[in-house]
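# Observations on the three-dimensional arrangement
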Amino acid sequence: MKDKPRQLVRLPEQGKVAGVCAGLAEHFNLEVWLVRIVTLSAILLTGIFSLPLLLYIIAWVLLDKGSTRQETHQPELKTKVWQAGDSPQKAMTEVSTRFRNLELRLRRLEKHVTSDAFHLKREINNL
């Protein structure tokens, strides 16, 4: 299965100022704190009236507002500190919980199918 291509949007509900850094982090699969530090450092080191500040303002004006994707959560593992995603331990815990819940559902289904009441009901329906 291929993921839909990520669209570059700003995420005001996750942002501190306008959500531009949060949108960039989401688009490039990076941690938001890292994008904020790089952006703020670029603005401060190049002066208050600089190209990075101008680019931030342009992105604020041009980028559409987006919302965070809340689809069925597929654990996305981070392999580097700056990548976004779940830690391997958290992802493993989540996967284990999902499998445990599936196992319990399967046990209940097997118990129902192998019960005498199920067989009796089946025989009555076949008449």
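Structural data are supplied above this passage.
Residues numbered from 1 in each chain as written. Predicted model: local features only at pLDDT ≥ 70, side-chain atom pairs only at ≥ 80, totals over all residues. Heavy atoms only, no water.

## Things to note about the packing of helix 2 (residues 32-46) against helix 3 (residues 51-62)
Orientation of helix 2 relative to helix 3, taken along the N-to-C sense of each, is 135 degrees, at an axis distance of 7 Å. One element, helix 2, and the other, helix 3, form an angle in the oblique class. Between helix 2 and helix 3, the contacting residues are Thr 39, Ala 42, Ile 43 and Thr 46 on the first element and Pro 52, Leu 53 and Tyr 56 on the second. (Axes fitted to C-alpha atoms, helices over the stretch in contact; angles between N-to-C directions. Helix = DSSP H or I, 4+ residues; strand = E, 2+ residues; numbered from the N terminus. Parallel < 35°, antiparallel > 145°, perpendicular 65-115°, else oblique. Contact = heavy atoms within 4.5 Å.)

## Examining the packing of helix 1 (residues 20-28) against helix 2
Across the interface, helix 1 lies against helix 2 with an axial gap of 8 Å and an inter-helix angle of 125 degrees. Comparing their axes, helix 2 and helix 1 come out oblique. In this structure, the crossing between helix 1 and helix 2 has a hand that is right-handed. Contacts from Cys 21, Ala 22, Leu 24 and Ala 25 of helix 1 reach helix 2 at Val 32, Val 35, Arg 36 and Thr 39. Residue composition of the contact of helix 1 with helix 2, grouped by class: six nonpolar, one polar and one charged. (Left-handed = near helix turned anticlockwise from the far one by under 90°. Nonpolar A, V, L, I, M, F, W, Y, C, P; charged D, E, K, R; others polar.)

## Here we look at the layout of surface pockets
The volume enclosed by the second largest pocket comes to roughly 270 Å³. Secondary-structure elements contributing two or more residues to the lining of the second largest pocket are helix 1, helix 2 and helix 3. The element that contributes the greatest number of residues to the lining of the second largest pocket is helix 2, accounting for four residues. Its residues placed into classes, the lining of the second largest pocket shows eleven nonpolar, three polar and two charged. (1 Å grid on protein atoms, 1.4 Å probe; cavity = no way out; pocket = protein on both sides within 12 Å on 5 of 7 lines; lining within 4 Å. Points joined across faces, edges and corners; volume = space filled by probe spheres on them.)

Such coordinate-based values are descriptive only and should not be taken to indicate function.
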